[in-house]
Amino acid sequence: MSETVLQAGVDIAGLSFDPVTVSEPLMWLVLAAFLGSVAVAQYDTRLARPVGTAGWVLFAAYWLVLAPHFILIQKSVVEGLGSVIAVPLSLYTGYLLWNGRESLLVLTRAIGIMGVIYVPFLTIGPLRQTIIEIVTDQVAFLMTLIGYDPLVVDGLSYNGIDIASKQYPYENTFWFDRNERPITYTIILACTGIGSISIFAGGILAVTAPWRRKLRVLVGAVGIIYVLNLIRNLGIALAFGLQKAQFLPGTVMTLFGLSDPQLVSYYIVDRMLAQFGSVIVLVGLTWVLMRELPELTVIVEDLLFLVTGTEYDLGTTFENGQSESGPATPGDD
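- In the annotation of an unreviewed UniProt entry, the protein chain is listed under the name Archaeosortase A and assigned to Haloarcula rubripromontorii.
- UniProt's Subcellular location (unreviewed entry) comment on the protein chain is quoted here verbatim: "Cell membrane".

**What to know about the overall build of the protein chain**
Consideration 1: Across its full length, the protein chain holds 12 helices and five strands.
Consideration 2: The buried share among the 333 residues of the protein chain stands at 44%.
Consideration 3: When contacts within the protein chain are restricted to residue pairs at least 6 apart in sequence, those whose partners lie at least 24 apart make up 68%.
Consideration 4: Total accessible area computed for the protein chain in this model is approximately 16800 Å², and 66% of it derives from carbon and sulfur atoms.

**Digging into the packing of helix 7 (residues 194-206) against helix 8 (residues 211-241)**
Consideration 1: In the contact formed by helix 7 and helix 8, the axes pass within 10 Å of each other and the chain directions differ by 165°. Here helix 7 lies roughly antiparallel to helix 8, going by the angle between them. Classified by chirality, the crossing of helix 8 by helix 7 is right-handed. Counting all contacts with helix 7, which are made through S196, I197, F200, A201, I204 and L205, the residues of helix 8 involved are W211, K214, V217, L218, A221, V222, I225 and Y226.
Consideration 2: Taken together, the residues of the contact of helix 7 with helix 8 break down into 12 nonpolar, one polar and one charged.

**Concerning the nonpolar core**
Consideration 1: M143, F174, Y185, I204 and L289 are the most contacted members of the largest nonpolar core, which totals 79 residues.
Consideration 2: Counting residues per element, this core draws most heavily on helix 8, at 11 residues.
Consideration 3: Setting aside residues up to four positions removed in sequence, M143 forms contacts with Y148, P150, F174, F176, L234, A237 and L238.

**Structural notes on the UniProt feature "transmembrane region" (unreviewed entry) in the protein chain**
Consideration 1: Using the residue numbers shown here, the UniProt feature "transmembrane region" (unreviewed entry) corresponds to residues 26-43, 55-73, 80-98, 104-124, 183-205, 217-240 and 272-290.
Consideration 2: For residues 55-73, the helix share is 100%, the strand share is 0%, and the end-to-end C-alpha distance is 27 Å.

**What about the pairing of strand 4 (residues 171-176)?**
Consideration 1: Here strand 3 (residues 151-154) runs beside strand 4; their pairing, made up of four bridges, is antiparallel. Within the sheet, the bridge partner assigned to L151 lies in strand 4 and is W175.

**Re the sheet that holds strand 3**
Consideration 1: Spatial ordering of the open sheet is given by 3-4-5, a layout of three strands whose pairing is antiparallel. Every interior strand has two partners, whereas the edge strands, strand 3 and strand 5 (183-186), have only one. Across the sheet, the mean angle separating the axes of adjacent strands is 35° when strand polarity is ignored.
Consideration 2: Sheet topology places strand 4 next to strand 5; four bridges connect them, and they run antiparallel. Looking at the pairing, F176 lines up with I183 of strand 5.
Consideration 3: Contacting strand 3 and strand 4, helix 6 (residues 125-145) runs over the sheet at an angle of about 35° to strand 4.

**Points about the packing of aromatic side chains**
Consideration 1: Tallied over the full model, the rule gives 12 aromatic pairs.
Consideration 2: Clustering of aromatic rings is evident, with ring pairs tying together F34, W56, F59, Y62, W63 and F70.
Consideration 3: The lysine or arginine in question, R101, covers the ring of F305, its NZ or CZ lying 4.1 Å from the ring centre.
Consideration 4: Over the aromatic face of Y267 sits the side chain of R271, whose NZ or CZ is 5.5 Å from the ring centroid.

Quick notes on the rules
Residues numbered from 1 in each chain as written. Predicted model: local features only at pLDDT ≥ 70, side-chain atom pairs only at ≥ 80, totals over all residues. Heavy atoms only, no water. UniProt positions renumbered as here; feature names shortened; annotations may be inferred. Helix = DSSP H or I, 4+ residues; strand = E, 2+ residues; numbered from the N terminus. Buried < 20%, exposed > 50% of the residue type's maximum accessible area, 1.4 Å probe, protein only. Contact = heavy atoms within 4.5 Å. Areas by Shrake-Rupley, 256 points an atom, 1.4 Å probe, with all protein chains shown as cover. Axes fitted to C-alpha atoms, helices over the stretch in contact; angles between N-to-C directions. Parallel < 35°, antiparallel > 145°, perpendicular 65-115°, else oblique. Left-handed = near helix turned anticlockwise from the far one by under 90°. Nonpolar A, V, L, I, M, F, W, Y, C, P; charged D, E, K, R; others polar. Core = buried A, V, L, I, M, F, W, Y, C linked by side-chain atoms within 4.5 Å. Pairing = 2+ DSSP bridges. Phe/Tyr/Trp six-rings, centres within 6.5 Å; stacked < 30°, edge-to-face > 60°. Lys NZ or Arg CZ within 6 Å of the ring centre and 35° of its normal.

Here it is as structure tokens:
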């Protein structure tokens, strides 16, 4: 066990530093602070601001600790850059909230709800195992529909990314038996789409809007994300397992510091195409959801302000667009 953890860690000043393990206490503190601000805001928004500010400072520390994991271990451009950017943005959010930008309490509430949805999958072994194996089975089914039938095996899920999974015999690894040597593609929690689902669910449930409309948008968003995630896993598994993306292997190996040429297909399809494509798809999905639930614009406007320093009025645009599309469905409001 110690050997695997050390392999997953980052050596800093001669000490073994495991970002995932260190981030766990911070995760609980962040969740407690954000949910605390939600509770306090029910009585006094002025008192909720310092609680929320503490949460954002802790959130910055959380991303600072995880940055080495995404950059040096995962070697993910999108997640690595995102974790680095999240540090100053979180601190800036806390600063603005402390100084009276109370609209940020909605974003704070969204992060808190997101944590309530995501953290159980991260910390409860049987729950995590269930969603991982469901996604694995469904990806395997999609493979059979297009003529592929790789072996699905267990016991390969334990690694530095998903340490707790060692406790359970997950059947979550696709085994591609090639002439050179077998290639395995393992579905872990990050491959299930629950992270993206929790982000959108947090935002949708955090805004003030009629529950019927929020639930309708939520069901649509979850369905779209889940299906697209299955297709993403299908593409990555087949491209990697069948070595269909061996483009510019020397350049890719140098860029990501790889020693195994068989990993080139994985890094091209997952770390480059899938992750950047996912960002584009999620931005487009956000735009679509704002047309159905204009109340989401308060969160997007604050995010845009944090990044650009410019105030935007998206609410008027989307509310007008919704009214021009036809009368509201009876009972929506």
